[in-house]
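Residue-level structural notes
Given next are the chains, with one letter for each unit.
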Amino acid sequence: MNMVTFVSRRLVAMVPVLLGVTILTFLLSHVIPGDPARLLVGQKASDEVVKRMREELGLNDPLHIQYWNYLKQLLRGDLGTSIRNRRPVVQDLAERFPASFELTFVSLFICVIIAIPLGILTAVRRNHVVDHVTRVLALLGVSTPVFWWGLLLLLIFYFRLGWLPGPGRIDLAVPPPAGRTGLYILDSLLSRDWRALGSSLRHLVLPAFCLSYVYLAIMTRMIRSSMLDVLNLDYIRTARANGLPERAIIFRHALRNALVPTVTIVGLSFGELIGGAILTETIFAWPGLGSYMVDSVLFLDFPAIMGCTILVCLIYMTANLVVDIAYGFLDPRIRWG
Amino acid sequence: MRIARSVLVLLVVALLVPLQSGRAAETTLVILIPSDVANLDPAFCMDNVEWRQTYVAYDRLVQYDGKSTKVKPMLAESWDISPDGKVYTFRLRRDVKFWDGTPLDANAVKFSFDRVQKMGKGPSEAFTALSEVKVIDAYTVQMVLRHPFAPFLSCLATNGGGIVNPKVMRQAKNGDLAHEYLSTHLMGSGPYKLKEWVRDQHIILEANPNYWGGKPKVSTVVMKIVPEPGVQRMMLLRGEAHIAEGLLIEQIQKLRGEKGIVVVEEPSQYCCYVYINTQRKPLDNPKVRQALAHAVDYQGIIKSVLQGCGTQMRGPIPTGMWGHSESVFQYQRDVAKAKQLLAEAGVEDLRLKILYSDRVPTWAQEVMILQANFRDIGVKLEPEMYAYATMRDKIDRGDFDLCMGVWMPDYADPYMFMTYWFDSTNFGLAGNRAFYSNPKVDALIRKAAVSTSQPERERLYLDAQKIIMQDCPYIFLYQKNYLLAMRSNVKGFVYNPMLTNIYNLLDMWIE
Amino acid sequence: MCPGAAERSYGLREMSPWMKDFLFTIRLVYRNPLAMAGIVIITCLVLVAVFAPLLAPYSPIDISLDERLSPPSASHLLGTDEMGRDILSRVIYGARISIRIAVTVVTIGGAVGSILGATAGYLRGRMGSIIMRVMDMILAFPALVLCMVLAAALGPSLNNALLAIAFVQIPKYARLVHGQALSLREKHYVLAARSMAASTPWIIWHHIFPGCLSSVLVLATMGMGEAILLAASLSFIGLGAQPPEPEWGAMVAMGRQYLMDHWWLATFPGLAILVVAVGFNILGDALRDILDPRLRR
């Protein structure tokens, strides 16, 4: 099967899953007792005012009509209007997505560049001191609550030492880079705005490190064990027997194959992180999808909740798809099918 | 590979290059706020955190005078009130222009009030008595009331009384009276206009140099959204922000005496109380309610939760509002009396649920103290925390035994407390959250609402308060002091109890 | 050799292959220091939880406003919190909640997930693919949204949070078991059972489940640590355990507000979470090495 058919097949298979997700979210968000109309008009409003508001929001229609209307909108690419701030949900998401994307991407990037050498080292020096120390450090990462790390990092590097900037995406005094993507690093690179680049990079360091530490453990372990698998295979033994230097064996022959499962983890983590970095976002005042989602749920902002869910599911599934495509490139034995 | 490496090097270099003066110019005021705001339409928004932006963007006919809750002229130079208290005639200043140069005249005033009423959202509640706005001439406007309403002038100073540029109607869509546009834009004549609003990051206001009341000294005001209180405190201490709104009381107390920081503490009318559902058995028995009120350790709550920054309420009208009287009965912790009252009511093994949310950070602590207090009189209290939206829904439907609540007046009149809380037509979220109904109280407060004589109203309210304290539909916990930590180089801030979260930016400056 | 021993060894020979495997695993665990360390930590946790009333010097919920925020001292070894409650006592009682979290989540998630995965893997066909598509859906669904919506609907409580966490764990087990079931169903002893007209549930119960047991065990062990961390995160945003329950995550969340002045509030429950999570994780990690067929013999 060639790649195009593979991808298009997978895309079609996404549709029922997405549909299921919309139904699930829709049902869930509508069984919640609580009236967004009430929240909107303020606590001193009379019943009359609330009633009018409910009508305006279409909250009086029967559930299946509301869902049908929503689906029709969805097909037009319209996620509805946020009840909370009366803005199109699409617009809200479009503003927050780049922030989340940037943070997630950089975190995973840091994670991968640390995890690969560590994973190799621990595999080669299996059961050595290095292996144990790495294991403990990595386990500490996965076992410590994120908010704990976040506050500690801020306290040390921002408050006490002043090496790194505080919360937010960019310094207040620095205008955000001009550009369309909303990804500050990319935009500032494209517009050659070095000041914005420096500022946004520095703002990224702490939250990205905070997030990546959690995934470091998983990834290091994953690379370690797949390295071990590969190093036991016949072709490596043959290479060794032929007297190839160990360095060449590891980097040229073993690593590539050992990376296959790592790609899976990276892909899945990406999907998980993009909407799940809520705590990091709260602590670092990062205007991402996670905190938007929390606010929406607390306000019972149905259109926003659904918009978020659909977006996060889409990203998750896309990440999965990309992983599968990457498999084909990394491992010629795996065919797209 | 080589490209990747050079990009990496570039990134590292960019990271290390120090910024030339990362600090903003000193005419920029940075205020840290815990969350983004939702809506800026003055005919729509009801939250003080939204008024923080709108109040300085729109002018009103009258304004509060500094710290006091009395009003003084703003757009209206002077006014007359007809002897029957139903017709108000305002003469407007002639030198006021909207930001776009349009003169602010009687038509703009009529437009703004008509818009609030047509929209019929929260802010219109302050103007239910208003029947018609008449343009007499270009700079004279007349407001006709349905019935005399003493607090009317005070209502005009609320956020909903802001005068909007009528040209906004060019942005109207599908008959929404430009609501969508005004939700995200400001279009007034005030000292500050909206420069930039990046969701979940910051809101930037810039000074209007041509303001009729003089050019503001602070040229730019940045509201930066920082949700985590500990981080806000770090930023304030490092001098990267001037004012931090989201700090907890303990943190503020720790900041006292810190170099470069001042803590503003002023009595406010932010009241905290417990709603008792008077329709539920056995809470429909006043004796049971009195017993609960006698069980509460008021001073303990104020000492621990508020760190002493508050006072126990005496009756429903807080100190600082006229109508408050020291002669009103105040419940004190008295376990023996409470037990006796419960015995008289014939209630044993009482189990109650208390509803609250994490919206107000101190509620969780207060609930725990109440739990311990009630245990002392043999009442078991089960906390029930819900999302704020859900909690409000439950309050409205009366689906609770006890519930935590807070209230802040919008305008300086005891009406805000008496009518909203006790009139039996206001059941539920409208204000009477205890579902309390007493015809005698109804009669007294309804008479007071339409009377224009303050001494008479004071007398009526006092009588009502006496009955209410015996009926005990609420547990009146405390009146919290307004606490705000700011850098000591911020000058000129004046707190007005009607304007919590709102800054008198026009009079403020940075040294 | 005494007759009993002969009988035992005869018994061993008669055991199904998975039982032998399982016993061998236990022997390996004994010899692995890391696994033992994990077991010691978890045993301590269980002991602390069981004997909490004996170990705790104070009540975990009684407030004492005069003693609020006092630093660690002889009378309060780990200090007191913002309500004057003894932190040591709360951490000790918190062990009970943590065990409840770990066990509930893993039992529900693991059981439901394994049943679904085994069924889907054994049956294959349309039924199997429908089950796995639903699993994909749950996997794609942001876990926190689900938790938050459940909490908002049913009221936030630890039980609701656990239900939500367990729910989102189901697909992990289902996928794992599904993969193994696919290969197990081709094994000779399964084919033999099928040819003897054994019912589908019987085969799944007697042959498929046991075959997956060891890898489910690894996932479950790691999952317990994860569940505790997830519950802590939910408490952090106010959707998990409710006051005055001494849940560690809720304690850290409350304590973080005092972190700069009263470090002990958040530190000790934070350490408790850390130690227990590390315990589960190293045990799971070691188990994985032990159960890895390539590394075990």
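Residues numbered from 1 in each chain as written. Chains lettered and ligands numbered in written order. Predicted model: local features only at pLDDT ≥ 70, side-chain atom pairs only at ≥ 80, totals over all residues. Heavy atoms only, no water.

From N to C terminus, chain B includes 15 helices and 19 strands. Computed over its C-alpha atoms, the radius of gyration of chain B comes to 25 Å, within 12% of the 24 Å expected for a compact globule of 511 residues. Across the 511 residues in chain B, those meeting the buried criterion constitute 62%. If you take every contact in chain B between residues at least 6 apart in sequence, the share linking residues at least 24 apart comes to 70%. Counting every atom, chain B has about 18,900 Å² of accessible surface; 51% of that belongs to carbon and sulfur. One finds the centroid of the 60 positive side-chain charges in chain B at a distance of 3 Å from the centroid of its 55 negative side-chain charges. (Helix = DSSP H or I, 4+ residues; strand = E, 2+ residues; numbered from the N terminus. Rg over C-alpha atoms; globule rule 2.2 N^0.38 Å. Buried < 20%, exposed > 50% of the residue type's maximum accessible area, 1.4 Å probe, protein only. Contact = heavy atoms within 4.5 Å. Areas by Shrake-Rupley, 256 points an atom, 1.4 Å probe, with all protein chains shown as cover. Lys, Arg positive; Asp, Glu negative; His and termini not counted. Charge placed at Lys NZ, Arg CZ, Asp CG, Glu CD.)

All names here are of chain C. Within the fold, aspartate 81 resides in the loop between helix H4 (52-55) and helix H5 (87-123). When its relative accessible area of 6% is taken as the criterion, aspartate 81 is described as buried. Aspartate 81 sits 30 residues away from alanine 111 along the chain, and the two C-alpha atoms are 38 Å apart. When sequence neighbours within four positions are dropped, the list of residues in contact with aspartate 81 reads Arg68, Leu69, Ile87, Arg90 and Leu265. Engagement of the side chain of aspartate 81 in a polar contact is seen with the backbone nitrogen of arginine 85, the distance being 2.8 Å. (Polar contact = N/O pair within 3.5 Å; in protein donor to acceptor, adjacent residues only side chain to side chain.)

Turning to the packing of helix H14 (residues 439-450) of chain B against helix H15 (residues 454-471) of chain B, a few remarks are in order. All names here are of chain B. Two elements in contact, H14 and H15, have axes separated by 9 Å at closest approach and are oriented at 160°. By the criterion of interaxial angle, the relationship of H14 to H15 is roughly antiparallel. As for the relative orientation of H14 and H15, their crossing is left-handed in sense. Residues Lys440, Val441, Leu444, Ile445, Lys447, Ala448 and Ala449 of H14 form the contact with H15, whose own contacting residues are Glu456, Arg457, Leu460, Tyr461, Asp463, Ala464, Ile467 and Ile468. Looking at the contact of H14 with H15, its residues break down into 10 nonpolar, no polar and five charged. (Axes fitted to C-alpha atoms, helices over the stretch in contact; angles between N-to-C directions. Parallel < 35°, antiparallel > 145°, perpendicular 65-115°, else oblique. Left-handed = near helix turned anticlockwise from the far one by under 90°. Nonpolar A, V, L, I, M, F, W, Y, C, P; charged D, E, K, R; others polar.)

Counting from both sides, the interface comprises 38 residues of chain A and, opposite them, 36 residues of chain C. Overall, the association of chain A and chain C removes approximately 3,600 Å² of surface from exposure, summing both partners, and the carbon and sulfur fraction of that is 79%. Counting every contact that joins chain A to chain C gives zero salt bridges. Where chain A touches chain C, the interface holds zero residue pairs in polar contact (both at pLDDT 80 or more). Here the side of chain A that touches chain C gets eight residues from one element, more than from any other, and that element is helix H1 (residues 3-31) of chain A. (Buried area = accessible area lost by both parts, 1.4 Å probe. Salt bridge = Lys/Arg side-chain N within 4 Å of Asp/Glu carboxyl O.)

All names here are of chain A. Interhelical geometry of helix H5 (residues 89-124) versus helix H6 (residues 129-143) gives an angle of 135° and a closest axis separation of 8 Å. Between H5 and H6, the angle is such that the two are oblique. In the crossing of H5 with H6, the sense of the turn from one axis to the other is left-handed. Touching Leu118, Leu121 and Thr122 of H5 are Val130, Asp131 and Thr134, all from H6.

It is worth spelling out the side chain of His203(A) at this point. Residues and elements named next belong to chain A. Within the secondary structure, histidine 203 is located in helix H9 (residues 194-231). A distance of 3.3 Å separates a polar atom in the side chain of histidine 203 from the backbone oxygen of glycine 166. Side chain to side chain, histidine 203 and aspartate 171 meet in a polar contact 2.7 Å long.

Now for the sheet that holds strand S4 (residues 76-81) of chain B. All names here are of chain B. Here we have four strands laid out as an open sheet, ordered S4-S5-S7-S6, and antiparallel in their pairing. Two strands bound the open sheet, and with one partner strand each, they are S4 and strand S6 (130-137). Between one strand axis and the next, the sheet turns through 20° on average, direction left out of account. Where S4 lies against strand S5 (residues 87-92), five bridges are found, and the strand directions are antiparallel. (Pairing = 2+ DSSP bridges.)

On to the confidence of the model for chain C, then. Residues and elements named next belong to chain C. Overall, the predicted model of chain C reaches an average pLDDT of 81, with 91% of residues at or above 70. Of the regions scoring below 50 in pLDDT, residues 1-12 engages in three contacts with residues more than four places distant in sequence or in other chains. In the predicted complex, the global pTM is 0.84; the interface-specific ipTM is 0.79. (pLDDT = per-residue confidence, 0-100.)

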